[in-house]
Amino acid sequence: MSSPTPSRRRASGFDFSDGKSNNLYVNLQNHPDLANKFNLTDQPSHLQRNKTERRRLQGLQQSSPTATSAAKWFPDSVTWQQKLSVWKINEGGRQVFFGVWILLHGLVFIFGAVNYQLKDNYNNARQTFGITFVIARAAALMLHLDVIFILFPVCRNFISLFRRTALNSVIPFDKNITFHKATAWSIVIGTVIHVLAHMVNFAKLAIADTSATTGGQKVLAFLAINFTTGPGATGWAMTLFLFLIVFFALEKKRRTHFERFWYSHHLFIPFFIAWQLHGMFCMIKPDRPPYCSWQQIGVFWRYWIAGGVVWVGERLLREIRSRHVTYISKVIQHPSNVVELQIKKEKTTTRAGQYIFVCCPEVSYFQWHPFTLTSAPEDDYISVHIRVVGDFTRTLAKAVGCDFDSKGKGDKGGDDTGARVIGKSDNALGRTMPRIMVDGPFGSASEDFLNYETVLLVGAGIGVTPFASILKSIWYRMNNYSSDSKPTRLSKVYFTWVIRDFGSAEWFHSLLHAIEEQDTQNRIEINIYLTAKIKDDDVNNIIVQDVGAEKDAITSLRAPTHFGRPNWDRVFTSVADKHPETDVGVFFCGPAVLSRQLHTMCNKYSMLNGTRFFYGKENF
Ligand SMILES: Cc1cc2nc3c(=O)[nH]c(=O)nc-3n(C[C@H](O)[C@H](O)[C@H](O)COP(=O)(O)OP(=O)(O)OC[C@H]3O[C@@H](n4cnc5c(N)ncnc54)[C@H](O)[C@@H]3O)c2cc1C
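What you see is a predicted model; the values in this text were computed from it and never measured. (Residues numbered from 1 in each chain as written. Predicted model: local features only at pLDDT ≥ 70, side-chain atom pairs only at ≥ 80, totals over all residues.)

> Can you explain the overall build of the protein? Please cite residues and give values.
Helix and strand counts for the protein come out as 22 helices and 13 strands. Considering only residue pairs separated by 6 or more positions, the protein has 75% of its internal contacts joining residues 24 or more positions apart. (Helix = DSSP H or I, 4+ residues; strand = E, 2+ residues; numbered from the N terminus. Contact = placed C-beta atoms within 7 Å.)

> I'd love a proper account of the sheet that holds strand β7 (residues 437–442), names of residues and values included.
Strands sit in the order β4-β3-β7 across an open sheet of three strands; the sheet is antiparallel. Both outer strands of the open sheet, β4 (369–372) and β7, are each paired with one neighbouring strand and no more. If you compare each strand with its neighbour and ignore which way they point, the axes differ by 30 degrees on average. Note: strand β3 (residues 355–359) against β7, four bridges, orientation antiparallel. Its bridge partner lying in β7, F357 is registered against D439. (Pairing = 2+ DSSP bridges. Axes fitted to C-alpha atoms, helices over the stretch in contact; angles between N-to-C directions.)

> Mind laying out the environment of A136, listing which residues take part and the relevant values?
One can find A136 in helix α8 (residues 131–150). With residues up to four places along the chain from it excluded, the contact list for A136 reads H194, A197, H198 and N201.

> So what's going on with the site of the ligand? Residues and values would help.
Residues in contact with the ligand amount to 21 residues; listed here are only the nearest, F258, G390, F392, T393 and T465. Within the residue set of the shell around the ligand, elements represented by two or more residues are α13 (251–256), β4, β5 (382–387) and α17 (391–399). (Near = placed C-beta within 6 Å.)

> Give me unusual backbone geometry: which residues, what numbers.
Following G440, the chain continues to P441 via a peptide bond in cis, the omega torsion being 10 degrees. Along the chain, P441 falls in strand β7. The phi torsion at K347 lies on the positive side, around 55 degrees, for a residue other than glycine. Although it is not a glycine, E581 adopts a positive phi angle of roughly 55 degrees.

> Which residues make up the pairing of strand β10 (residues 524–530), and what are the values?
With six of seven residues buried, β10 is to be regarded as a mostly interior element. Sheet analysis places strand β9 (residues 492–499) next to β10, joined by seven bridges and oriented parallel. Its bridge partner being in β10, V498 is matched across the sheet by Y529. In the sheet, β10 pairs with strand β11 (residues 561–563) via three bridges, with the strands oriented parallel. (Buried ≥ 20, exposed ≤ 12 C-beta atoms within 10 Å, placed from the backbone.)

> Let's hear about the sheet that holds strand β1 (residues 326–334): which residues, and what values?
Read across the open sheet, the four strands follow the order β5-β2-β1-β6; overall the sheet is antiparallel. The two strands at the open ends of the sheet, each matched to only one other strand, are β5 and β6 (420–424). Each strand of the sheet is rotated relative to its neighbour by a mean of 20 degrees, with strand direction disregarded.

> Please set out helix α16 (residues 300–322) residue by residue, giving values where relevant.
A rise of 1.5 Å per residue sets the reference length of α16, with its 23 residues, at 33 Å; its end C-alpha atoms lie 32 Å apart and thus fit the reference within 8%. Taken as a whole, α16 carries its principal kink of about 45 degrees at A306. (Expected span 1.5 Å × (residues − 1). Bend = angle between axes of the 7 residues up to and from the residue.)

> Kindly report on the packing of α8 against helix α10 (residues 176–208), identifying the contributing residues and their values.
At a minimum axis separation of 8 Å, α8 and α10 run at an interaxial angle of 160 degrees. Our classification of the angle between α8 and α10 gives roughly antiparallel. In terms of crossing hand, the pair formed by α8 and α10 is left-handed. Classifying every residue of the contact of α8 with α10 by side-chain character gives 14 nonpolar, nine polar and one charged. (Parallel < 35°, antiparallel > 145°, perpendicular 65-115°, else oblique. Left-handed = near helix turned anticlockwise from the far one by under 90°. Nonpolar A, V, L, I, M, F, W, Y, C, P; charged D, E, K, R; others polar.)

> A description of the packing of helix α12 (residues 230–249) against helix α15 (residues 268–278) should follow, citing residues and the corresponding values.
For the pair α12 and α15, the least separation of the axes is 9 Å and the interaxial angle reads 155 degrees. Accordingly, the angle class assigned to the pair α12 and α15 is roughly antiparallel. Of the two possible hands of crossing, α12 and α15 adopt the one that is left-handed. Contact with α12, carried on its side by P231, T234, G235, A237, M238, F241, L242 and I245, involves F268, P270, F271, A274, W275, L277 and H278 of α15 and no other residues of that element. Residue composition of the contact of α12 with α15, by class: 12 nonpolar, three polar and no charged.

> Any chance you could break down the pairing of strand β8 (residues 454–460) for me, citing the residues and the numbers?
Taken across its seven residues, β8 has seven buried, putting it largely inside the fold. Here β8 shows no split at all, with T454, L456, V458 and A460 on one side and V455, L457 and G459 on the other all buried. Here β8 pairs with β9 via seven bridges, running parallel. If you follow A460 over to β9, its bridge partner there is V498.

> Give a description of the environment of H324 that names residues and reports values.
Take H324: it is sitting in the loop between α16 and β1. Take H324: there are 13 C-beta atoms within 10 Å of it, and that puts it in the partly exposed class. C-alpha of H324 to C-alpha of D439: the two residues are 115 residues apart in sequence and 9.8 Å apart in space. Beyond its immediate sequence surroundings of up to four residues, H324 is in contact with K345, E346 and K347.

> So what about the confidence of the model for the protein? Which residues, and what values?
When pLDDT is averaged along the protein, the result is 81, and 80% of the positions lie at 70 or above. pLDDT under 50 marks residues 1–49. Its contacts with residues more than four places away, or in other chains, come to 96 contacts. (pLDDT = per-residue confidence, 0-100.)

> Describe in detail the environment of D519, supporting the description with residues and values.
Along the chain, the position of D519 falls in the loop between α19 (503–518) and β10. With 18 C-beta atoms packed within 10 Å, D519 lands in the partly exposed category. Residues D519 and W475, spaced 44 residues apart in sequence, show a C-alpha to C-alpha distance of 8.0 Å.

Encoded structure:
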């Protein structure tokens, strides 16, 4: 690549931020340290760098997409085979899997309907109820199919185990919760069809009831069938349980009242019991005996048993694991309402990128909350960084001695990152910290970072936690810390962190600092994007401190902080330019909006015979 002209080099340093978010640009236009300030109006409206900073810009930021490489992404003619091959990279497996799953439902419904329509043992039922008998039964069959699937995706040990096998390339294990939700919605649809069909059937029964002669009596007969018969009462109980489960699990409700979601979800136990009973009443009899043998009715358990056993096994495992000797060995209060818990736990091996469930009985015996490990497998403890956002995290932070309420306390006695050690404990016995129980670790998409030669890690806010453990682990590998570390293909890591305010940079700071110091081969590139609006005074301070400095005024890292949001088009073009014909793993943890953007970018910039971007994400 030809060497960039000076003005181009200056622009390229900032090509990664879209500059939409702050007022810094306006102030900087007039700053004497900015080279060629007359050129600024030609540049995208984002922050320009001073000379010293430009020197500190890392390889990826210094590259600029050439006209030719830009043209590569949008060639004039793309065949459908090429499109298909690119589609297969990030979408293929997942969409084919869901396609097969939907097809399976369609087939079960159709074949079920044909069976009940033609079976010679149900002539009476068809005569009495007509097509609604067929529809109700076919929907019931579809519901039984869903029962096979509903529990597997929430069995985290099961998922963690299988996601490491070759099956992971066929079954999207990391989409387990999406699959659980899809199955749940299928249960809702099946239930609505089943209930509506039976309402018609019940109405037909009430109309045919010779003991009810008036309209009012017919209505009473209809209600009696609904609520005083076994199938009716259990059916409505199930419908009520399902309604409550779904209502509190809706995204908005779940986000605002997680506990209501969590407890109401446990209604699945009476829901399943009612389902088993529902089928045992043998309301619609076949024409010939055996009328209601155990092989024909109450068959729910047969469909449920596989998932149910695995689920019960997982719960037992949680009980066993929670009894392992576990204690909090260190508590560190970080700025921006983040508390770090270092935990010692026997019989635990972890992999970078995994998460655990934490329960603190002093806070709540029933609540288990997921947190990503920030410790590396090479550490002799496991750690989590918890952002205080709601009831559980606030009470937990208080219980371990943190105080985020009193202003300035977080800084008192803290190190240069503002972190403060709140407590330490050397063993489980002389415990001064509250008791803690840990379940896991469980696998996640970011666990796969070692499968790629190049990775782009993107964390937003507290979503940086999975990458703490990954970066630490890479750092340990770079320093040959452990002789039994397996050799890895990984040779280049681009780490991007999008944060709103200064404070949130600090707790992660010492790790990034250590990485920069050790990374003599420049294998890890750090890019921090600050998206908050910055006050004029702060802007001036930053500028003054940055002039001639070898380190960034905000983070003290060599890598300069960018202001504004990343310009993903430029990031992806640059990575592709630097790593042609390479499989690049893109791992993201943070809000769904940004996740969608990155997912789109991965598809947009993947090329059949060029760089292929594989997308993996984790959602909090
Ligand atoms: C796989 C995973 C990894 C996570 N890793 C981290 C991490 O490293 N650091 C961090 O600070 N946070 C992490 N979180 C988010 C963390 O679990 C929640 O912030 C925490 O449970 C909030 O509980 P709360 O009662 O204080 O807040 P609430 O006010 O009850 O909830 C705040 C938010 O957290 C969600 N939430 C609450 N409880 C749970 C739960 N048991 N399971 C899932 N989501 C919940 C709610 O839906 C809501 O969006 C992670 C979440 C997941 C799913």
